[in-house]
Structures are given as structure tokens and as C-alpha cells.
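Coordinates in review
If you want the building blocks of each chain, they are given just below.
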Amino acid sequence: MTVWIVFALVTVAVAGYVLWPLLTGSPETAPATPDAGTPDAGTADDGQSITGPQSAAQTAAAHTAELVDQDELQRDLTVYRDQLSEITRDIDRGVLNAEQADAARIEVQRRILATDQRIQARAARRIGKTSGTYTRPVAVALILIGIIAGLGLYLDIGHPTLPDRPIAQRTDEIMAARNAQNHNQDRDRALRNAVADLSNKLIANPENLQNWELLGNSLLALNRPQEAQTAFLEAVKLSNRDGAYLAMYAEAIIRASDGQVTAPARGALEEAAKSGNDNPRIGFYLGVADLQQGHAKAAIERWITLANSAPADASWAPMVVRQIQQTAQAEGIDITGRLKPATTANGPAIAGNVGPSQQDMKAAADLTPEERRQMIEGMVGRLASKLAENPQDPDGWARLMRAYMVMGMKDKAQESYQQAQTALKDDKTALDQLAVIAGQAGIATQ
């Protein structure tokens, strides 16, 4: 308790030291009297302060006297300027010679300068009085706000009862952030290598449709949608305007437009929809276009149709459902019973499906972190065993690589990629797709 009393006294002392000049004023800033011999308006001749009606009367009288004196100074300036003109006329009439005129002109100019300085000094004093009326309370308020804010910040993050956070206890947090940064750097480096490799291949063979698609996806992953537009447009041309490639092209335009479905993007999507292609991008982005144009019900209708027709293992279906729920809540639209219940398989979580089953998720929620880690390692191990039995599964290899990267086992992910290259050496399309997936995950492809 004693330390708090000491802190409070120190705070009050510092605040008083800072606020005292503002509250009492500084003798140097007190306005000077118009003339040295004139006593101040609020002070008697014997130096005693005068209060009450007499002081108010003297203040008013002083203000009136100051205004009268100001008018007199302006009149003096007018007279002095007339005298300068008169000197010029006296020279013309021969009353003054050049030497006498110069001496008279210098004397009049000296008087003009002195009078002008007095006028400016009076104006400065009036401005000082006016600004002082607001400056002092504002300064006091700002200082008090600073003291109160500092006290609040201290009570929030600086008081002695807060538990310590030594570096040793933050090792996992620091390492996680560092690993995430390294992962992103490795991923970008691998993607840039993939882009360079695909570009060289396309220079040699610009008719390769698959490589244009992979190049566009890699550029989108690097957040270069404008360049991806060019790649997807080439794919559209080579595929005879296939609906899936039109949808990819539209997505690149939308990404380059900060999520806005522009007229060219909508045109490409509508053309893709007429082609009968079932690429999920078509229905999703047409729904986004409807929503951006104020047609929320039409957007939800499109998305519900898309979600209800999605395969059981569609990785994009949960995102569409979330979009439906958020839009319906924001717009006050009832969607009760309109979405089909989600279906999940009961097999191993990674081996045959996109995500874990309901049973796996329920079981994982009751596990300790160590038990949960062992469970995940077991699922990944089962996936690896299945791939050893049936290596002709590009999707399985992609899931295995991603799982190892999520677990922080980059060496195992790299080894899995090399094993996939060996197993799928006769499937060039699958190898190209795996190269892009590996690059996106941060796995070296060279």
C-alpha cells in the first residue's frame, strides 16, 4: 500500500509542477501598460489588488482608454504621412533645400516607425489575451487526459500483479511465428520457380493447355492476378472457350478488381454457365455478382443450389455454406431447412476424404494436445501406408504432402513429393499438377 501512496504523491507533484504556470500565468506574459507611468487597470497606486465593482470599473476604463489611445496612434500616423508629402512640396516651392529636406524626412520616418511599432505591440497584446482564454484550459485538459490515460494503461498492462511472460514460456509462440514466416518464404520461392519453369516450357510449346492452366494457378497463388488473366485467356482460346477455363479467367479478373465482379468477368461467367460446365466458380461468382447488384435473394438461391449439388468431399462446400448463412443473416432471409445436411464418410480422415469424420472430430475434442498429435500422426501414417499399397493416387500424394507441411515435417513432405514423382512418372498431367501443389505448399520442386 505504501508504494501506491508514494506513486500517487509523485504523480500529483509532477502534475502540479506542470499545471502551476498554466493556472497562475507567467509574469513575463502579463500585458504591459500603454505608458510606463500609467498604473495597471486592476492595481491601486500602493500596489494592492483591487477587487469587486471598483476593479471591474477600472478594467472597463482601461479598455476604453486603450481604444482611444489606439485611435490617436492611427491619427498620428496619418499626420506623419502628410508631413512627408508636405516636405516634398516644400522642396518644389524652394522653402527647403535638399539637405534640410533629408533631415526632416528622416525625423518623420523615425516617428512613423515608432508609432507603427506601438500599434503592432498593442495588437499583439490583444491577440495574446484572446488566445490565452482558450489555450490555458485546453493545455490543462490535455495534461489531465495524459495522466489518466497513463494510469489506465499501467493498470491494464503494467501493474505488479500481472503474471510474468518470460521468453522461455513463449518459445512455442515465437517458433510458430518464425516457422510460418519461413514457410511463406519457401512457398513463394517454390512458386516463383514453378512460374519460371512453366514460362520456359510455354515458350518452347505455347500450345500446351495444361501448362497455361498451371501457370495461371501459380500466378494467382503469388497474388499476381493480372498476369494470371493472360495465362487463363490463352487457356480459354486453346480449349475452344471451355466453361471451366472461362470461370478461371473470370476469377482472375475478379481478384484483380479487389473482389468486384466487373462486366467482363460477369460476361465470361454467363458464357461459362451457358456451356453447361459444372465448375463451382461459375455459380459462386454469379451469386457474388447478384449480391453486389443488390439481389441478395437471387445470390442465396444460386449458392443453395450450388451447395446442395456439391459432392460429399467437396472442399469448397463449407465456404459456400458460410457465405449463405452470413448473407441470409445480414439480409434477414429465412433459409431454414433449405440446405441439405452435410454428409461425411466414416473412413480414415485423410486416406479417402478431404477432412476428418464427425467421429474423429468428436474424439479429438476430448483429447489432450499430445494425444491429438498422436491421433493426427496415426491418420497420416495410414494415408502413407495406403499410398505405399496404391501409389497411383495423385490426390492422396497431394494430401500427404500438405499434411506433413502442416505438421512442420518439411523433410517428410519433400520425400513424399519425390516418391510421388517416381510413382507417377508416366502421368505428365498429374506430375504438373503436383508440382504446382508442392510449390503452393512451400516444397521445392527443383
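Residues numbered from 1 in each chain as written. Predicted model: local features only at pLDDT ≥ 70, side-chain atom pairs only at ≥ 80, totals over all residues. Heavy atoms only, no water.

As a further point, take the overall build of the chain. If you tally the helices and strands in the chain, you get 16 helices and 0 strands. Counting only residues that meet the buried cut, the chain has 30% of its 446 residues in that class. Roughly 27,700 Å² of accessible area belongs to the chain as shown, and the carbon and sulfur atoms make up 56% of that amount. (Helix = DSSP H or I, 4+ residues; strand = E, 2+ residues; numbered from the N terminus. Buried < 20%, exposed > 50% of the residue type's maximum accessible area, 1.4 Å probe, protein only. Areas by Shrake-Rupley, 256 points an atom, 1.4 Å probe, with all protein chains shown as cover.)

Running from N to C, helix α8 (residues 263–274) and helix α9 (residues 280–292) point in directions that differ by 135°, and their axes come no closer than 10 Å. As summarised for this structure, α8 and α9 are arranged oblique, according to the angle between their axes. Crossing of α8 against α9: the hand is left-handed. Touching R266, L269, E270, A272 and A273 of α8 are R281, I282, Y285, L286, A289 and D290, all from α9. Grouping the amino acids of the contact of α8 with α9 by side-chain chemistry returns 7 nonpolar, no polar and 4 charged. (Axes fitted to C-alpha atoms, helices over the stretch in contact; angles between N-to-C directions. Parallel < 35°, antiparallel > 145°, perpendicular 65-115°, else oblique. Left-handed = near helix turned anticlockwise from the far one by under 90°. Contact = heavy atoms within 4.5 Å. Nonpolar A, V, L, I, M, F, W, Y, C, P; charged D, E, K, R; others polar.)

We now examine unusual backbone geometry. The phi angle at N223 is positive, at roughly 60°, despite the residue not being glycine. By secondary structure assignment, the location of N223 is in the loop between α5 (209–221) and α6 (225–238). Its identity as a non-glycine residue notwithstanding, R241 has a phi of 60°, on the positive side. When its relative accessible area of 43% is taken as the criterion, R241 is described as partly exposed.

Attention shifts here to the confidence of the model for the chain. Residues of the chain with pLDDT of at least 70 account for 72%, and the chain-wide mean is 76. Taken together, the stretch residues 26–54 has pLDDT below 50 and engages in 24 contacts with residues farther than four places along the chain or on a different chain. The low-confidence segment residues 343–358, where pLDDT is below 50, has 29 contacts with residues more than four positions distant or belonging to other chains. (pLDDT = per-residue confidence, 0-100.)

This paragraph deals with the packing of aromatic side chains. Under the definition given, this model contains 2 aromatic pairs. An aromatic cluster is present here, built from F284, Y285 and W303 joined pairwise through their rings. (Phe/Tyr/Trp six-rings, centres within 6.5 Å; stacked < 30°, edge-to-face > 60°.)

We now examine a nonpolar patch on the surface. A cluster of nonpolar side chains, contributed by V6, F7, V10, V14, Y17 and V18, occupies part of the molecular surface with about 580 Å² of accessible area. Considering the arrangement of structural elements, one finds V6 in helix α1 (residues 2–24). (Patch = residues over 30% accessible without salt bridge, like charges linked within 9 Å, V, L, I, M, F, W, Y side chains within 5 Å. Salt bridge = Lys/Arg side-chain N within 4 Å of Asp/Glu carboxyl O.)

Our focus in this paragraph is the nonpolar core. In this structure, L215 and I324 are the most contacted members of the largest nonpolar core, which totals 49 residues. Contributions of two or more residues to this core are made by α4 (171–204), α5, α6, α7 (243–256), α8, α9, α10 (296–308) and α11 (317–331). Formed by 21 residues, the second largest nonpolar core is a distinct cluster that contains L383, A398, A420 and L434. (Core = buried A, V, L, I, M, F, W, Y, C linked by side-chain atoms within 4.5 Å.)

Topologically, S239 is positioned in the loop between α6 and α7. In this structure the side chain of S239 is engaged in a polar contact, spanning 3.1 Å, whose partner is the backbone nitrogen of D242. Dropping the residues within four chain positions of it, S239 is found in contact with L209 and Y245. (Polar contact = N/O pair within 3.5 Å; in protein donor to acceptor, adjacent residues only side chain to side chain.)

This part is about α7. The terminal C-alpha atoms of α7, which comprises 14 residues, lie 20 Å apart, in line with the 20 Å expected from a rise of 1.5 Å per residue. With 12 of 14 residues buried, α7 is to be regarded as a mostly interior element. Residues G243, A244, Y245, L246, A247, M248, Y249, A250, E251, A252, I253 and I254 constitute the buried set of α7. Turning to α7, the residues buried within the fold contact α5, α6, α8 and α9. Taking the backbone nitrogen of A244 as reference, a side-chain oxygen 3.0 Å away marks D242 as the first, capping residue of α7. (Expected span 1.5 Å × (residues − 1).)

Among the structural elements, I106 can be located in helix α3 (residues 98–157). In this structure I106 comes out as exposed when scored by relative accessible area, which is 57%. As for I106 and L84, which are separated by 22 residues in sequence, their C-alpha atoms are 9.5 Å apart.

Between its first and last C-alpha, α6 extends 20 Å over 14 residues, near the 20 Å set by a 1.5 Å rise per residue. For α6, every residue scored as buried is listed here: P225, A228, Q229, A231, F232, A235 and V236. At its buried positions, α6 is contacted by α5 and α7. Note on α6: the residue one or two positions beyond its end, N240, has a positive phi of about 60°.

The next thing to look at is the side chain of T115. Tracing the backbone through its elements, the reader meets T115 in helix α3. A relative accessible area of 6% means that T115 is categorised as buried. What T115 contacts, discounting residues up to four positions off in sequence, is L73, D76, L77 and Y80.

This model, assessed by the stated rule, comprises 12 salt bridges. For the salt bridge of R93 with E86, the shortest nitrogen-to-oxygen distance reads 3.2 Å. Judged by relative accessible area, R93 falls into the exposed class, the value being 52%. Residue E301 pairs with R338 through a salt bridge whose shortest N-O separation is 2.8 Å. Of the two residues, E301 is situated in helix α10 and R338 in the loop between α11 and α12 (358–365); the sequence distance between them amounts to 37 residues. Given the relative accessible area of 33%, R338 is considered partly exposed. Residues joined by salt bridges that share partners form a network here, namely R266, E270, D290 and R302.

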